[in-house]
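Spelled out, the chains give:
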Amino acid sequence: MKQTHLTFFLALLVTGSGALLNAQDKGPVQQMYSAGVQIGYNRGYGSQFQMTLHNGANELPFDLRLGLGYTLLNPGNAADARRIFINNATNGEPEKSGRSVDYRLDFVFAKPFFGLKESYLVLGPRGSAFKGNFKYIGGNEDFDVTSHQWGLGAGLETRFGLSGGLKLVLSGGLDGYLPSTLRGHDTAYSPDNDNVNPRDDNQNGDEEFTYRDADRAISQPRFMPYALIGVNFPL
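Residues numbered from 1 in each chain as written. Predicted model: local features only at pLDDT ≥ 70, side-chain atom pairs only at ≥ 80, totals over all residues. Heavy atoms only, no water.

**Topic: the packing of aromatic side chains**
Within a pair of aromatic rings, the relevant descriptors are the distance that separates the centres and the angle that separates the planes. For the structure on display, the rule yields seven aromatic pairs. Relative to Trp150, the ring of Tyr103 lies with its centre 6.1 Å away and its plane at 90 degrees, an arrangement referred to as edge-to-face. Of this pair, Tyr103 sits in strand 4 (residues 93–110) while Trp150 sits in strand 6 (residues 141–161), and the two are 47 residues apart along the sequence. For Tyr103, a relative accessible area of 15% gives the class buried. (Phe/Tyr/Trp six-rings, centres within 6.5 Å; stacked < 30°, edge-to-face > 60°. Helix = DSSP H or I, 4+ residues; strand = E, 2+ residues; numbered from the N terminus. Buried < 20%, exposed > 50% of the residue type's maximum accessible area, 1.4 Å probe, protein only.)

See the structure below:
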């Protein structure tokens, strides 16, 4: 699954780069690169690193940007995660942690808004690799729940010149991801309920848990609002 996501992401990059080269064939196109780093809120503490290919001659209506993000977030309900993926034991002190690594391809359009001199509309596909870890101190349980998702995102961005080409960047928006298979221990729950080794719910007549139960318990990325601040600099 990870390899499929990476292949698709690289294909998008090649396609976008090819479009820029075709535009270059039609006339002289001045291009330059920039890089950026941002931190802030992304349904948790988040950070992003970005690389942008600018089209200086405006042959295309957008710049092309690759981004990689890392977010610390709440992975979900520890007690329910144990019941749905491991067993119905209740002993031990729960500890939990979660993170999401996101990768993105942005099409960045210059669009004035609120009278700001340098503002942009950002659109593009998203990918996410989520992992939630659940430990039960004294209960001899320590396991991860993972998922890999695709989605789309949109946002607004504005930049303010500082010095030496350095720019202050403010951005906000929303990324949305499709439901995906949740895997933990030796169990997997899929959106179509073609599940692997589902556990029994002893609080509901020992009926098997479903994907809906797992998705409620585990806070994998679904809607990820973000508000970030950072800097952008030419390369």
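**Notes on unusual backbone geometry**
The phi torsion at His185 lies on the positive side, around 60 degrees, for a residue other than glycine. By the element assignment, His185 lies in the loop between strand 8 (182–184) and strand 9 (187–189). Of note, Asp206 is a non-glycine position whose phi angle comes to about 60 degrees, a positive value. Residue placement: Asp206 occurs in the loop between strand 10 (200–201) and strand 11 (207–208). Its relative accessible area of 49% is what places Asp206 among the partly exposed residues.

**A look at the side chain of Gln149**
Within the secondary structure, Gln149 sits in strand 6. You can call Gln149 buried: its relative accessible area is 1%. At 3.0 Å, the side chain of Gln149 and the backbone oxygen of Leu178 are in polar contact. Only 2.7 Å separates the side chain of Gln149 from the backbone oxygen of Pro221, close enough to count as a polar contact. (Polar contact = N/O pair within 3.5 Å; in protein donor to acceptor, adjacent residues only side chain to side chain.)

**Some words on the pairing of strand 6**
Where strand 5 (residues 119–137) meets strand 6, 18 bridges bridge the pair, whose relative direction is antiparallel. Along strand 6, the bridge assignment pairs Val122 with Gly155. Linking strand 5 to strand 6, which pair antiparallel, is a turn of three residues; within it Gly138 sits at a positive phi near 90 degrees. Both strand 6 and strand 7 (residues 167–177) contribute to a ladder of 11 bridges, which runs antiparallel. Residue Gly155 lies in a different strand from strand 7, and its bridge partner there is Gly173. (Pairing = 2+ DSSP bridges.)

**Notes on the confidence of the model for the protein chain**
For the protein chain, the average pLDDT comes to 88, and 86% of its residues sit at 70 or higher. Considering each helix and strand of the protein chain separately, the mean pLDDT is smallest for helix 1 (residues 2–25), with a value of 43, and largest for strand 9, with 98. A low-confidence stretch, residues 1–29 stays under pLDDT 50, and its non-local contacts, those more than four residues away or across chains, total 33 contacts. (pLDDT = per-residue confidence, 0-100. Contact = heavy atoms within 4.5 Å.)

**Details of the environment of Arg159**
Here Arg159 is to be found in strand 6. Since its relative accessible area comes to 7%, Arg159 is described here as buried. Each C-alpha atom, one on Arg159 and one on Ile229, is 9.9 Å from the other, the two residues being 70 residues apart in sequence. For Arg159, the contacting residues outside a window of four places in its chain are His54, Arg65, Val108, Glu118, Tyr120, Lys167, Leu168 and Val169.

**Notes on the pairing of strand 3 (residues 63–72)**
With nine bridges joining them, strand 2 (residues 45–55) and strand 3 adopt antiparallel strand pairing. By the bridge assignment for strand 3, Phe49 is matched with Leu68. The sheet contact formed by strand 3 and strand 4 spans 10 bridges and is antiparallel. Bridge assignment links Gly67 to a residue of strand 4, and that residue is Arg104.

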